[in-house]
Amino acid sequence: FLNSDTQAVLKLIQALVGWNALGIQIENCSQEFSIYASGIAKPNLIETIEANLNQASSLEDSPETDLLIGLSHLLQAKPDRVFFSDWNQSKVQDSRCWLGGQPKKLRRPPVGFTDGLGIHIQFEDALGAYEIDEIKLRHHTCYSPCLIYFRKALFGLNSLGKRGFI
């Protein structure tokens, strides 16, 4: 029920903001899409996804529902692996695979990311990249209550350098 990969990423951002993320960093390359959220710990996230993925559209409005809707769309690209990582002091505390085997390699977190949650979607071949409209993403996140970086570019601040509002 989403029309684009950009809308799916916006749903993931909506979920992370709903969980009070302090900052969000997004990386999208040919073989891996990763989104990191500072200040979030969700130890039962895989169980929540498994229990509710097929009924995401009928759930109450919540950050979990937003995450499920975004992931449902991104899974249509048939990734080889989907896993979640928990970070503390820039070190992986836990990495839990949800789909596919354990990752060959865990991407190094972005500069400045020390604690929180990582969501990773990996493809074996280079054709797996998502098509994310950077202009649309920037437009829809300009008033985010937290800082948002996409490919190292800051999106979540207005042009005056002040935090936005919802």
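Definitions and limits used
- Residues numbered from 1 in each chain as written.
- Predicted model: local features only at pLDDT ≥ 70, side-chain atom pairs only at ≥ 80, totals over all residues.
- Heavy atoms only, no water.
- Axes fitted to C-alpha atoms, helices over the stretch in contact; angles between N-to-C directions.
- Helix = DSSP H or I, 4+ residues; strand = E, 2+ residues; numbered from the N terminus.
- Parallel < 35°, antiparallel > 145°, perpendicular 65-115°, else oblique.
- Left-handed = near helix turned anticlockwise from the far one by under 90°.
- Contact = heavy atoms within 4.5 Å.
- Nonpolar A, V, L, I, M, F, W, Y, C, P; charged D, E, K, R; others polar.
- Phe/Tyr/Trp six-rings, centres within 6.5 Å; stacked < 30°, edge-to-face > 60°.
- Buried < 20%, exposed > 50% of the residue type's maximum accessible area, 1.4 Å probe, protein only.

Our focus in this paragraph is the packing of helix α1 (residues 5-18) against helix α4 (residues 134-141). Where α1 meets α4, the closest approach of the two axes is 10 Å, and the angle between their N-to-C directions is 30 degrees. Classed by the angle they form, the pair α1 and α4 counts as roughly parallel. Of the two possible hands of crossing, α1 and α4 adopt the one that is right-handed. Of the residues in α4, those touching α1 at T6, Q7, V9, L10 and I13 are K136, L137, H140 and T141. Here the contact of α1 with α4 is built from residues that sort into four nonpolar, four polar and one charged.

Another point: the packing of aromatic side chains. All told, the structure shown has five aromatic pairs when counted by the stated rule. Plain terms: the ring middles of F33 and Y130 are 5.8 Å apart, the flat faces sit at 90 degrees to each other, and that makes the pair edge-to-face. Residue F33 is found in strand β2 (residues 32-38), and its partner Y130 is found in the loop between β5 (116-122) and α4; the two are separated by 97 residues along the sequence. When sorted by exposure, F33 lands in the same class as Y130, which is buried. Judged by centre distance (5.6 Å) and plane angle (70 degrees), the rings of F123 and Y130 are edge-to-face. Accessibility classification places F123 together with Y130 in one group, the buried group. Within the aromatic cluster, the residues linked to one another by ring pairs are F33, F123 and Y130.

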